[in-house]
Amino acid sequence: FEHVVLPRHFVRSEDATAPSSSDGGGGIRQSLTKTASVFTMSLEKTNDKYQRAEPGETERPTALYPIWDTPEEQLADFGIGVGLYFNSLKVLSIILAVAGLICIPAMKFYSGTEY
């Protein structure tokens, strides 16, 4: 179910501990075909940290995208709206944090006895 619904990326050769996308859920694949190993070597030469796998990919090992480790540039794989949402969420959280810091002196003044 998760191999079709949740977004996955291809596993690089240095990610030896990443789970496999085999149907049985059995673990890491024991062997790769020659085509898959050539494809993996070509992935290492790209600047992208992750390359998105198509839903239902079972030919090569895949893993779920990590929540905290996915760079903002990679969010464009899911469409422009996803990248814009997380970018605006980051900017608005910074603005809110700065506004909260600006309000600290006023909160201290109005909570004191001299008001």
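Quick notes on the rules
Residues numbered from 1 in each chain as written. Predicted model: local features only at pLDDT ≥ 70, side-chain atom pairs only at ≥ 80, totals over all residues. Heavy atoms only, no water. Helix = DSSP H or I, 4+ residues; strand = E, 2+ residues; numbered from the N terminus. Buried < 20%, exposed > 50% of the residue type's maximum accessible area, 1.4 Å probe, protein only. Contact = heavy atoms within 4.5 Å. Areas by Shrake-Rupley, 256 points an atom, 1.4 Å probe, with all protein chains shown as cover. Patch = residues over 30% accessible without salt bridge, like charges linked within 9 Å, V, L, I, M, F, W, Y side chains within 5 Å. Salt bridge = Lys/Arg side-chain N within 4 Å of Asp/Glu carboxyl O.

Before going further, it helps to spend a moment on the overall build of the chain. A tally of regular secondary structure across the chain gives three helices and two strands. Written out in order from the N terminus, the α and β elements of the chain read α-β-α-β-α. The burial tally for the chain puts 19% of its 115 residues in the buried class. For the chain, restricting intrachain contacts to residue pairs at least 6 apart in sequence, the fraction spanning at least 24 positions comes to 65%. Carbon and sulfur atoms make up 63% of the accessible area of the chain, which totals about 8700 Å².

It is worth spelling out a nonpolar patch on the surface at this point. A contiguous nonpolar patch, built from Val4, Val5, Leu6 and Leu64 and spanning about 330 Å² of accessible area, is present on the exposed surface. One can find Val4 in helix H1 (residues 2-5).

Looking now at the side chain of Gln74. Considering the arrangement of structural elements, one finds Gln74 in the loop between strand S2 (62-64) and helix H3 (80-111). Residue Gln74 is classed as buried on the basis of its relative accessible area, which comes to 4%. Ignoring sequence-local partners within four residues, the contact set of Gln74 consists of Asp48, Lys49 and Tyr50.

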